[in-house]
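A closer look at the structure
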Amino acid sequence: MGILWQDLRYGLRMLLKRPGFTIIAVLTLALGIGANTAIFSVVNAVVLRPLPYAAPDRLVMIWETMPGNDKRWVAPGNFVDWQKQNQSFEQIAAYANTSLTNLNLTGATEPEKLTGVAVTMNIFSTLGVEAALGRTFLPEDEQREGGRVVVLSDGLWQRRFGADPNILGQAITLDDKSYIVIGVMPQGFRFPVQSEIWIPGGRGSAVPPSLMAQFPDSDLSIERDVHIYSVVGRLKPSVTLAQAQAEMTTISGRLSEAYPDTNSGLGVNTIPLHQQIVGGVSSILYILLGAVAFVLLIACTNVANLLLAHATQRERELAIRLALGAGRFRLIRQMLTESLLLSLTGGALGLLIAMWGVDLFIGLSPGDIPRLNEVGVDGRLLGFTLFISLLTGIGFGLLPALQATRLDPQNALKEGGSKATEGLRRRGARNLLVVAEIALAQVLLIGAGLLIMSFVRLQAVDPGFNPSNLLTARVSLSVAKYSDRAKKMAFYDQVLERLRAIPGARSAALVMNLPLSGSNMNRGFQVEGRPEPKPDENISVDYQVISPGYFSTMEIPLLRGRAFTDADNEGAPRVAIVNEVMARKYFPGEDPLGKRIAFGDTSKEESWRTIVGIAGDVRHASVDEPPFPGAYTPYRQDRESWARMGLLVRAEEGDASNLATALRKEVMAVDPQQAVSNVQTMEQLMAASITRPRFVMLLLGLLSAIALALSAVGIYGLMAYSIIERTHEIGIRMALGAQARDVLRMVVAQGLKLIVTGLLIGVIGALLLTRLMKSLLFGVSAVDPVTFCAVSVLLTVVALLACYIPARRATRVDPMEALRYE
């Protein structure tokens, strides 16, 4: 222990004697360690930390499957049979597709649309979470009239109700119905999907009120042709995921035999809940973690090069200690102690940088990364920082220590020996480190370049409509107040009329699901005169309910036929418009105009619609997905008459957001109790749809810029020190007649060899590693030659500039001074 304390004191004294070197080394390491700690803290919270449920490793999501779709919502009837027949799960619970749960909170303040979920009574006991205030649902809540109790999220309780501790037992109004608050969930509680309020579904099932109102005479709890459930199961302690999957597959097979009309071809897919929640972002986070690891390696090579350079200055000191009997291991330990002091100091500063970096990460991140609210400093993070600091200290300190202690004391103690003995051995080690950091920077820059190219092409994609001067919003009607089609139609008619009359508005329209909003509806259909599709055939379209004027407001081209008019009302023949993709896919070599298609029960004449037009393709789901077959129907002819609709207003000129206040005012004028939400321009909606690729591009680009800067500094440092070493040689050359350009060429050529070697290695590494980024790229190959060449040119130019500056200094060497240089 005494020897360790002696090494620490001596190491600290040596670092304080070289304050410039120490400050540069600590800051370089702090940057690398801080970046790694910041990204690890996110990976730790999002991916590594267990979900905040009881025994989370036993929670799974259970989906139905069909050809081409391995995560399909579950039919209520199938869910009930899963509950009855399985032996693998302690409990199985369900919640409805959130787009079906329209909840307008009304009261003393302005109405507000809430993100709510209709659930089965056992959902919270299945997750293993209790309320922080009050309780969650009990089986007897099903006996209440309409099951009108409600559980609030902590965020909603604080935001809307001022964290009132007396909230329990109070009535709140949701969709013009009174609900009794029975509980508030814990702070930070995260449901498997975004939600701030939970209500029991109707008839003891997870059927939301909006769907109950549309099928008043149906018992949807036994329905097998309406797929609306997401299902969560808790495995029994002795059951594995594979065993549960096998049993559920057997149950699904029995149901297919018992109900061939609805269940033929359906399967089951069980997925760990953790994978379901974070699987979409884990690959992105691991790629970023790999990128910051590269930055840390580059930082380490720079510090190692600094240590190698300073080892030359300490050669006489080390030789004296060896001559006095110190062993080589003792000297290596001393030098590693100094390296660890540097890395631990850099780690402490890096932890502060990491806290700032996490704030930057959260600020840049898209809103769909789960569990970001759980990011923070904990024991695992502190342990990681300590581990990475120790590993870094050993990593960058070992090579210089080994090189510095490989010397002959007698030769080193001779006059001028320190310069003579350093030789090619130590210079070769420094060259190797510079080659390594060029290669690492090359890999990072190519990755960032591919993402930039991908993002540029993503932004250049034609969505199929004109997003300029277009304002969007959503309105969700109260199911209780607007219980029949006539009332809904009257509301929409009045709103549409008022929107079209807004000063500065050129046109207005309605659509059930706004493009790029994340909402869509796939519906199966049948073409008249063709055999009825089998249940396992995925014959479906993106089903859209729109108002007349939708295509002109969106500026979607109508390729053939006609658009909808006010004459396409409930009393007129049913019509439809299809997009070009649907026409090509389902009517190859035919003219779709005049053909009839049916949605729903084909035995009813009202299900059949005549195709009267073909519209241009729209990228409805996202700009990076190709257009899906789509069909449009007039909202006055839609049987379901959906309680939620998107509003569109195209401005004559200028910023469409200037019409936002007028839009809200006109909707409130029709009914002040109906909430208007998500008011934004279509350009904002488009920007929001590509936040994830923008986020990854920005972060990887930032890390690549840091890597490029560190590499340039490393090359500059190497060349500058190399010139100092070769001052005597340069003086002799110039004394013998060498010109300044000859010296310049010699120094730059030395650097160019290292640059080319590093670039070649980097290209090989990029060819291997960028394949991991395929899922993040759009319109560009992972081995895109343009990106590889452009990055190579950029890195070469920067590296040559870093060589040129010290090379120019070498041409100013005075031969007489250089010949006296030692």
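Right above here is the structure, for reference.
Cut-offs used in this document
- Residues numbered from 1 in each chain as written.
- Predicted model: local features only at pLDDT ≥ 70, side-chain atom pairs only at ≥ 80, totals over all residues.
- Heavy atoms only, no water.
- Helix = DSSP H or I, 4+ residues; strand = E, 2+ residues; numbered from the N terminus.
- Buried < 20%, exposed > 50% of the residue type's maximum accessible area, 1.4 Å probe, protein only.
- Contact = heavy atoms within 4.5 Å.
- Areas by Shrake-Rupley, 256 points an atom, 1.4 Å probe, with all protein chains shown as cover.
- Salt bridge = Lys/Arg side-chain N within 4 Å of Asp/Glu carboxyl O.
- Core = buried A, V, L, I, M, F, W, Y, C linked by side-chain atoms within 4.5 Å.
- Axes fitted to C-alpha atoms, helices over the stretch in contact; angles between N-to-C directions.
- Left-handed = near helix turned anticlockwise from the far one by under 90°.
- Nonpolar A, V, L, I, M, F, W, Y, C, P; charged D, E, K, R; others polar.
- Polar contact = N/O pair within 3.5 Å; in protein donor to acceptor, adjacent residues only side chain to side chain.
- Phe/Tyr/Trp six-rings, centres within 6.5 Å; stacked < 30°, edge-to-face > 60°.
- Lys NZ or Arg CZ within 6 Å of the ring centre and 35° of its normal.

Our next topic: the overall build of the protein chain. A count of helical and extended segments in the protein chain gives 24 helices and 24 strands. Across the 822 residues of the protein chain, 54% fall into the buried class. Pairs at least 24 apart in sequence give 82% of the contacts found in the protein chain among residues at least 6 apart. Surface exposure of the protein chain reaches about 34900 Å², of which carbon and sulfur atoms provide 58%.

Before going further, it helps to examine the pattern of salt bridges. Under the defined criterion, the tally for this structure stands at 19 salt bridges. Residues Arg-506 and Glu-555 are paired through a salt bridge, measuring 2.7 Å at the closest nitrogen-oxygen approach. Highlighted residues: Arg-506 in strand 14 (residues 505–511) and Glu-555 in the loop between helix 16 (550–554) and strand 18 (558–561), separated in sequence by 49 residues. Residue class for Arg-506 comes out partly exposed when judged on its relative accessible area of 41%. With a relative accessible area of 33%, Glu-555 lands in the partly exposed category. The network of salt bridges with common partners includes Glu-112, Arg-159, Arg-160 and Glu-196.

Here the focus is the nonpolar core. Counting residues in hydrophobic clusters, the biggest one holds 125 residues, and the most contacted among them are Trp-198, Phe-361 and Tyr-550. Other than its neighbours up to four places away in sequence, Trp-198 contacts Val-117, Val-119, Phe-124, Phe-137, Val-149, Val-150, Val-151, Leu-152, Ser-153, Met-185, Phe-189 and Phe-191. Counting residues in each nonpolar core, the second largest holds 47 residues, with Leu-477, Phe-587, Ile-614 and Met-645 among its members.

Glancing now at the packing of helix 15 (residues 485–500) against helix 18 (residues 660–670). Two packed helices can be described by the angle between their axes and the distance between those axes. Close contact between helix 15 and helix 18 brings their axes to 9 Å; oriented N to C, the two are set at 145°. Helix-helix and strand crossings are classified by hand; for helix 15 and helix 18 the assignment is right-handed. Across the interface between the two elements, Phe-491, Gln-494, Val-495, Arg-498 and Leu-499 from helix 15 touch Leu-663, Glu-666, Val-667, Ala-669 and Val-670 from helix 18. Residues that form the contact of helix 15 with helix 18 fall into these classes: seven nonpolar, one polar and two charged.

Considering the arrangement of structural elements, one finds Ser-365 in the loop between helix 11 (328–364) and helix 12 (379–404). Assessed through its relative accessible area of 14%, Ser-365 is described here as buried. A distance of 2.9 Å separates the side chain of Ser-365 from the backbone oxygen of Ile-362, its partner in a polar contact. Dropping the residues within four chain positions of it, Ser-365 is found in contact with Leu-372 and Phe-695.

Right, let's get into the packing of aromatic side chains. Summed over the entire model, instances satisfying the criterion amount to 20 aromatic pairs. Taking 6.3 Å as the distance between ring centres and 45° as the angle between the ring planes, the aromatic pair formed by Phe-525 and Phe-599 counts as tilted. Within this pair, whereas Phe-525 is found in the loop between strand 15 (522–524) and strand 16 (526–527), its partner Phe-599 is found in the loop between strand 20 (596–598) and strand 21 (608–615), the two being separated by 74 residues in sequence. Here Phe-525 matches Phe-599 in class, with each residue buried. An aromatic cluster of at least three residues, connected via ring pairs, comprises Tyr-53, Tyr-95, Phe-124, Phe-137, Phe-189, Phe-191 and Trp-198. Cation over ring: Arg-224 sits above Tyr-259, and NZ or CZ is 3.7 Å from the ring centre. Here the basic side chain of Arg-523 rests over the ring of Tyr-543, its NZ or CZ set 4.6 Å away from the ring centre.

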